Amino acid sequence: MVQRKAAAVAGLALLLVLAGCAHVTVHSTVNADGSIAEQTYQVNMSRTAYGYLEEAAEEDGYDSVEDSVLSEFNESEREQISYSEEYNGDTVTMTLSRTDFVPTADDGISVTTEDGELVYEDVNFVDEEAAARDGTEFSGSFTGGMSVDYYLTMPGEITDSNADVVDGNTAEWHESGSEAFNDNRIYARSEIPTFSNVPGFGAVGAVVAILATALVVLRRT
């Protein structure tokens, strides 16, 4: 897997599968201008798996897993991030949310404009060495306990995607085992909404027009 900032939590999954299993859930919402309104990574794992992360963080000189994860971001980026850990029996849930940011190449995410549409791509779950391992015993043991559920909300109707499910402006990807990393590129393109077809804008626009008209009348009296 390619390690990038935006997937700082998801990138730890390669360690987690060695200790059992990991379930990664991603929710990403895109604004009409191509920025990301919010993106949340949630990783569920066993306490044993979490212990591996603690050991790795300590070996790297960090006081905690949280410090290790947040070290991937600079100080200004951390102002947009919330991080939490929840313990429930033998399960540990790590959640990282980032809001209001423009993705860069370092994030492994791109939002571009092509032919009047927005194109979203996330390559954080693409394992460049998957082809070499695919079908081997190592591949099965290495990724067998891994699963990824990815939910994307685009600002307009989705016109093309490699998602498992598409409904209007939302798309879903559900992968498990080696498929979670074997060229699992997240791709979708959508229409760019205009103000006239944004829900509720018509009513707001009407109110603004009425107020503007009233203001003109008052100025004339």
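Residues numbered from 1 in each chain as written. Predicted model: local features only at pLDDT ≥ 70, side-chain atom pairs only at ≥ 80, totals over all residues. Heavy atoms only, no water.

Chemist: How should the side chain of Thr93 be read in this particular structure?
Modeler: In this fold, Thr93 is placed in strand E4 (residues 91–101). Thr93 gets classed as buried once you look at its relative accessible area, which sits at 13%. At 2.5 Å, the side chain of Thr93 and the side chain of Asn44 are in polar contact. Each residue touching Thr93, except ones within four places of it in the same chain, is listed here: Gln42, Val43, Asn44, Ser84, Glu85 and Glu86. (Helix = DSSP H or I, 4+ residues; strand = E, 2+ residues; numbered from the N terminus. Buried < 20%, exposed > 50% of the residue type's maximum accessible area, 1.4 Å probe, protein only. Polar contact = N/O pair within 3.5 Å; in protein donor to acceptor, adjacent residues only side chain to side chain. Contact = heavy atoms within 4.5 Å.)

Chemist: For this particular structure, what's the right way to read the sheet that holds strand E9 (residues 165–167)?
Modeler: Paired through their backbone hydrogen bonds, the strands of a sheet run either parallel or antiparallel. In spatial order, the strands read E3-E4-E2-E1-E7-E10-E9; together these seven strands make up an open sheet with mixed pairing. Of all the strands in the sheet, just strand E3 (81–88) and E9 have a single pairing partner and so form its edges. Across the sheet, the mean angle from the axis of one strand to that of its neighbour is 10°, orientation sign disregarded. Bridging between E3 and E4 involves eight bridges; their strand directions are antiparallel. Within the sheet, the bridge partner assigned to Glu85 lies in E4 and is Met94. (Pairing = 2+ DSSP bridges. Axes fitted to C-alpha atoms, helices over the stretch in contact; angles between N-to-C directions.)

Note that every value here comes from positions in space, so none of it alone points to a role or purpose.
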